[in-house]
Amino acid sequence: MTKNSSPISDRTPVFHVRIAIPNKGRISVPIRELIEKSGLGIIDNGDRTLIARTRDQHVEILYARPIDIPEYVASGVADLGITGHDMVVERGSAVTELLNLGFGSASVVLAVPENSNLNSPKDLNGKRVSTEFPAITRKYFKKAGIIPIIVPVGGACEATPSLGISDAIVDISSSGSTLRQNHLKIIDTVLETSTYLIANPRSCIDKKEKIDEIHLALESVLNARGKCYLMMNVIRSSLDDIRTIIPGMGGPTIMDVASSADMVAVHAVVDEEKVYQLINRLKQAGARDILVMNIERLIR
Ligand SMILES: Nc1ncnc2c1ncn2[C@@H]1O[C@H](COP(=O)(O)OP(=O)(O)OP(=O)(O)O)[C@@H](O)[C@H]1O
Ligand SMILES: O=P(O)(O)OC[C@H]1O[C@H](OP(=O)(O)OP(=O)(O)O)[C@H](O)[C@@H]1O
Ligand SMILES: [Mg+2]
């Protein structure tokens, strides 16, 4: 150590954070898009990469199966993870669910063949129930005091009743089309699920600063969803009318226009779905040069 350098204990420690995300499957694409939009970004993203760098040298990505992610996070192999709530419940992992990302929404349901005379969960005592979620299924029936025979399967669960392997299934349903195609009807909902940012509880304390930073970056993308930014010029005398049309987030921002004393510039964040109607009303109220812009991130 040179005379002028500070001892290691005086330096602010730099913590590395590892985020486990799905390597494939339907939620992997929206997760990658979210990470990209958040500004974190993923570098050297080859097909077979297991670990990838991000634009933040202290944050790395670990690709894993969605079902393994809760345990990787609980054990500290990763500090953060992104996977389904159903995966967390199935594994019973001790993780903190930090943020609902709002996609991968589905229900885990109990279903039977349309022509079955099994019409309620209690009819399933001693019957065979096939599922990709044995732990969730066991817990669900135990709570109701029902004892079925659980038949674990690795996929294509909806085919098992017609193959004679089971009398009922517990599986994911979102649009309901797979159940319909297989002539199955829902007799109960076991669990609602969607995709979550999850964290190792210890990392939340030890690496709080970096984890809060990532949490905020991802949340800011969600906040911006369905919102857009409106900019327009307005004659000062019609400002009151414009204000009633755009309640905005805490009201619109109003600025003088340098080239004209009569005009003001109005900026506001509005719901994307309302823009179509708002524009007509704003024009009628005297707004001009209206610009509609996408918002990438919104930090509250
Ligand atoms: N039909 C669906 N609609 C919405 N979310 C779903 C659906 N099927 C699965 N998911 C969610 O996707 C996450 C990953 O599930 P899974 O491991 O089955 O991967 P997958 O995307 O279905 O791909 P594959 O089954 O081909 O490996 C789970 O948390 C699950 O809740
Ligand atoms: O209600 P729906 O929109 O039809 O979606 C439900 C289907 O989606 C999932 O299957 P996936 O495509 O992931 O195949 P898998 O069963 O092999 O996991 C799930 O296991 C259901 O089969
Ligand atoms: Mg699947």
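Fair warning: this is a prediction, and the values are worked out from it, not measured in the lab.

What counts, and where the lines are drawn
- Here the residue index of a chain counts from 1 through its sequence in written order.
- Following the order in which they are written, the chains are lettered starting with A and the ligands numbered starting with 1.
- Thresholds applied to this predicted model are a pLDDT of at least 70 for local features of residues and 80 or more for the giving and counting of side-chain atom pairs; totals over whole chains, interfaces and linings are not thresholded and use all residues.
- The side-chain figures draw on all heavy atoms in the structure; neither hydrogens nor water molecules are used.
- Proximity is defined per residue: if any heavy atom of the residue lies within 4 Å of a molecule or strand, that residue is considered near it.
- The term polar contact refers here to a pair of N or O atoms within 3.5 Å; inside protein, the definition further demands a hydrogen-donor-capable atom paired with an acceptor-capable atom, and it admits residues adjacent in sequence only when both atoms are side-chain atoms.
- Under the convention used here, a 1.4 Å probe and the Shrake-Rupley method define accessible areas, while residue burial counts only the protein chains that appear.
- Detection works on a 1 Å grid of protein atoms alone, calling trapped sets that fit a 1.4 Å probe cavities and calling open sets with protein on both sides within 12 Å along at least five of seven lines pockets, with lining residues defined by an atom within 4 Å of a point.
- Occupancy of a cavity or pocket is assigned to a molecule whenever over half of its atoms lie within 2 Å of that pocket's grid points.
- We count a stretch as a helix when DSSP gives it H or I for four or more residues in a row; a strand needs E for two or more, and each element gets its number in order from the N terminus.
- For this classification, the nonpolar set comprises Ala, Val, Leu, Ile, Met, Phe, Trp, Tyr, Cys and Pro, the charged set comprises Asp, Glu, Lys and Arg, and every other residue, Gly included, is treated as polar.
- Grid points are joined across faces, edges and corners, and a volume is the space filled by probe spheres set on the points.
- Domain ranges listed in this record stem from an automatic or a database domain assignment.
- Salt bridge criterion: a side-chain nitrogen from Lys or Arg within 4 Å of a carboxyl oxygen from Asp or Glu.
- Accessibility here uses a 1.4 Å probe with only protein chains present; expressed as a share of the type maximum, an area under 20% marks a residue as buried, one over 50% as exposed, and anything in between as partly exposed.
- In this analysis, two residues are considered to be in contact whenever any of their non-hydrogen atoms come within 4.5 Å of each other.
- What gets called buried area is simply the loss in accessible area from a 1.4 Å probe that two parts show on being joined, summed for both.

Draft legend 1. How the structure looks around the site of ligand 2. Close contacts around ligand 2 come from R26, E132, A156, E158, D171, I172, S173, S174, S175, G176, S177 and T178, and that covers them all. One of the side-chain N or O atoms of E132 is found 3.5 Å from an oxygen atom in ligand 2. A total of 490 Å² of accessible area belongs to ligand 2 in isolation, and the protein chains cover 67% of it. Mapping ligand 2 onto the cavity grids shows that it belongs to the largest pocket. At the level of secondary structure, the elements contributing two or more residues to the shell around ligand 2 comprise strand 10 (168–173) and helix 5 (177–181). Here the residues of the shell around ligand 2 sort into 2 nonpolar, 6 polar and 4 charged.

Draft legend 2. Region of the structure containing the layout of surface pockets. Approximately 890 Å³ is the volume attributed to the largest pocket. For the largest pocket, the lining is made up of 31 residues, of which R26, D86, M87, E132 and I172 are closest to its centre. Mapped by element, the contributors of at least two residues to the lining of the largest pocket are helix 3 (85–91), strand 10 and helix 5. Residues that form the lining of the largest pocket fall into these classes: 10 nonpolar, 14 polar and 7 charged. Taken together, domain 1 (13–102 + 195–223) and domain 2 (106–192) each give at least three residues to the lining of the largest pocket, which thus spans both.

Draft legend 3. Quick look at the site of ligand 1. Inspection of the region around ligand 1 gives 14 residues, with G25, R26, G84, D86 and S174 positioned closest. Note that an oxygen atom of ligand 1 is positioned 3.4 Å from one of the side-chain N or O atoms of K24. In the environment of ligand 1, a nitrogen atom lies 3.0 Å from a nitrogen or oxygen atom belonging to the side chain of S174. Here ligand 1, which alone exposes 590 Å², has 73% of that area covered by the protein. A majority-of-atoms criterion places ligand 1 in the largest pocket. Residue composition of the shell around ligand 1, grouped by class: 5 nonpolar, 6 polar and 3 charged. If you count residues domain by domain, the shell around ligand 1 takes at least three from each of domain 1 (13–102 + 195–223) and domain 2 (106–192).

Draft legend 4. Fine view of the pattern of salt bridges. On inspection of all chains with the given rule, the structure shows 13 salt bridges. With a shortest N-O distance of 3.6 Å, D68 and R91 are connected by a salt bridge. A residue pair is termed long-range when its members are at least 10 positions apart, and D68 in the loop between strand 4 (59–64) and helix 2 (69–75) and R91 in helix 3 qualify at 23 residues. D68 sits in the partly exposed class, given a relative accessible area of 23%. Among the ionic pairs, D79 bridges to K207, the shortest N-O distance being 3.0 Å. Separated by 128 residues along the polypeptide, D79 in the loop between helix 2 and strand 5 (80–84) and K207 in the loop between helix 6 (201–206) and helix 7 (208–224) bring together distant segments of the chain. The same class applies to D79 and to K207, which are both buried. Each of D56, K210 and E213 takes part in one network of salt bridges that share partners.

Draft legend 5. Geometry of the domain arrangement of the chain. Each assigned domain of the chain is listed here: domain 1 (13–102 + 195–223), domain 2 (106–192) and domain 3 (226–294). Between the C-alpha centres of domain 1 and domain 2 there is a distance of 31 Å. Counting residues at the interface gives 5 residues for domain 1, matched by 8 residues for domain 2. Between domain 1 and domain 2, a total of about 520 Å² is buried, with carbon and sulfur atoms accounting for 65% of that surface. Of all residues in domain 1, D86, V89 and E90 give up the largest surface area on contact with domain 2, accounting jointly for 80% of the area buried on that side. Between domain 1 and domain 2 we count 0 salt bridges in total.

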